[in-house]
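# Commentary on secondary and tertiary structure
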Amino acid sequence: MSDSDDDVPTLSAHTLAALQEFYNETRTDADHSTTPSDQFTVGAVTEDWRMSQFWYSDETATRLAEEAIREAGEGGRIACVSAPSVYQKLKQGVVDGSDRVSAFVLEYDRRFASYGDDFIFYDYNEPLSLPASVAPQSFDIVLADPPYLSEECLSKVAKTIKYLSKGKVLLCTGAIMENHARDLLDVKMSSFLPKHNRQLSNEFRCFVNYPSRLSSC
């Protein structure tokens, strides 16, 4: 092997500039994600399509946060199962009453572990594999958004919902899951139309098992 510098591969000026730009953007994103003032901004953690992540629009996250607060009541506990953008909206302090409830995010994506004790690792394939600190029927409302549009996924997430909830369920999933959701959780489709930051190919709806203002939209 030669020790000559002539054998060392070099990058073109254009390639180096592109790499530097990428590095700067990555560094900026990392800096922003650790800034206390905006760590709860919807989208502070970028979507990862490999985990079927699609964040709600700010308007939808706000509306669902308001609904969860109203239904949880004073001092209530809210579980956001695979719905981190609603959790983030609850923690921003911009929704009335958010300081009077406690919220937790159950997520497979360990990037959300940056939220400390509010983060509960969750794998829908093991729906009841939860920390001992998570007691059964310990949440006043469970807001869940199963990551995949399949009966298998919804069936497993439903087990988690039933374990966590004292009774109230707010399920967000594709309209095509309506019958299966009703059979599993006795929920009905509301008239509220949730929106995402990215356009989804499937019609998305909210389902509830209690009298809800979402049904009067």
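Residues numbered from 1 in each chain as written. Predicted model: local features only at pLDDT ≥ 70, side-chain atom pairs only at ≥ 80, totals over all residues. Heavy atoms only, no water.

For the chain, the mean per-residue pLDDT works out to 84, and 75% of the residues sit at or above 70. Between residues 1-9, whose pLDDT stays under 50, and residues either more than four places distant or in other chains, the model counts one contact. Within the model, the stretch residues 22-37 combines pLDDT values under 50 with three contacts to residues more than four positions away or in other chains. (pLDDT = per-residue confidence, 0-100. Contact = heavy atoms within 4.5 Å.)

Now for helix α2 (residues 58-72). Along its 15 residues, α2 runs 21 Å from first to last C-alpha, staying within 8% of the 21 Å computed at 1.5 Å per residue. Restricting attention to buried positions, one finds in α2 the residues Thr60, Ala61, Leu64, Ala65, Glu67, Ala68, Ile69, Glu71 and Ala72. Residues of α2 that are buried in the fold lie against β1 (77-81), α3 (84-91), β4 (139-144), β5 (165-174) and β7 (204-208). (Helix = DSSP H or I, 4+ residues; strand = E, 2+ residues; numbered from the N terminus. Expected span 1.5 Å × (residues − 1). Buried < 20%, exposed > 50% of the residue type's maximum accessible area, 1.4 Å probe, protein only.)

Another aspect to go through is the packing of aromatic side chains. On inspection of all chains with the given rule, the structure shows six aromatic pairs. Ring geometry for Tyr108 against Phe121: centres 5.5 Å apart, planes inclined by 40°, an arrangement best described as tilted. With Tyr108 in the loop between β2 (102-107) and β3 (119-121) and Phe121 in strand β3, this pair connects stretches of sequence that are 13 residues apart. Classification of Phe121 by relative accessible area gives partly exposed; the value is 28%. Seen in terms of ring centroids, Phe112 and Tyr115 are 6.1 Å apart; in terms of plane orientation they differ by 40°. Their pairing is tilted. Like Phe112, the residue Tyr115 is buried in the burial classification. Members of the aromatic cluster, each reached through a chain of ring pairs, are Tyr87, Phe112 and Tyr115. Sitting over the face of the ring of Phe139, Arg77 holds its NZ or CZ atom 4.4 Å from the ring centroid. The side chain of Arg110 reaches across the aromatic face of Phe121, ending 3.8 Å from its centre. (Phe/Tyr/Trp six-rings, centres within 6.5 Å; stacked < 30°, edge-to-face > 60°. Lys NZ or Arg CZ within 6 Å of the ring centre and 35° of its normal.)

A few words now on unusual backbone geometry. The phi torsion at Ser82 lies on the positive side, around 55°, for a residue other than glycine. The topology assignment puts Ser82 in the loop between β1 and α3. A relative accessible area of 15% means that Ser82 is categorised as buried. The phi angle at Gln137 is positive, at roughly 50°, despite the residue not being glycine. Relative to the helices and strands, Gln137 is located in the loop between β3 and β4.

Following the criterion strictly, the structure yields ten salt bridges and no others. We note a salt bridge from Glu71 to Lys168, for which the minimum N-O separation is 2.9 Å. Of this pair, Glu71 sits in helix α2 while Lys168 is found in strand β5, placing the two residues 97 residues apart along the sequence. Classification of Lys168 as partly exposed rests on a relative accessible area of 27%. One salt bridge in this structure joins Glu203 and Arg205, with 3.1 Å as the shortest N-O distance. Accessibility expressed as a relative area gives 47% for Glu203, which makes it partly exposed. If you follow the salt bridges from partner to partner, you end up with Glu74, Asp99 and Arg100 in one network. (Salt bridge = Lys/Arg side-chain N within 4 Å of Asp/Glu carboxyl O.)

So, on to the sheet that holds β2. Sheet architecture is open: seven strands sit in the order β3-β2-β1-β4-β5-β7-β6, paired in mixed fashion. Each having just a single partner strand, β3 and β6 (188-189) make up the two edges of the open sheet. The sheet contact formed by β1 and β2 spans five bridges and is parallel. Within the sheet, the bridge partner assigned to Val81 lies in β2 and is Leu106. Each of β1, β2 and β4 touches α3; the most contacted strand, β2, lies at about 155° to it. Strand contacts of helix α5 (residues 178-185): β5, β6 and β7, with the helix running at about 170° to β5, the strand carrying the most contacts. (Pairing = 2+ DSSP bridges. Axes fitted to C-alpha atoms, helices over the stretch in contact; angles between N-to-C directions.)

Our focus in this paragraph is the side chain of Ser165. Within the secondary structure layout, Ser165 lies in strand β5. Its relative accessible area of 8% is what places Ser165 among the buried residues. Within the structure, Ser165 has its side chain in polar contact with the backbone oxygen of Lys168 (distance 2.9 Å). The residues touching Ser165, leaving out its near neighbours within four places in the chain, are Gln137, Phe139 and Val142. (Polar contact = N/O pair within 3.5 Å; in protein donor to acceptor, adjacent residues only side chain to side chain.)

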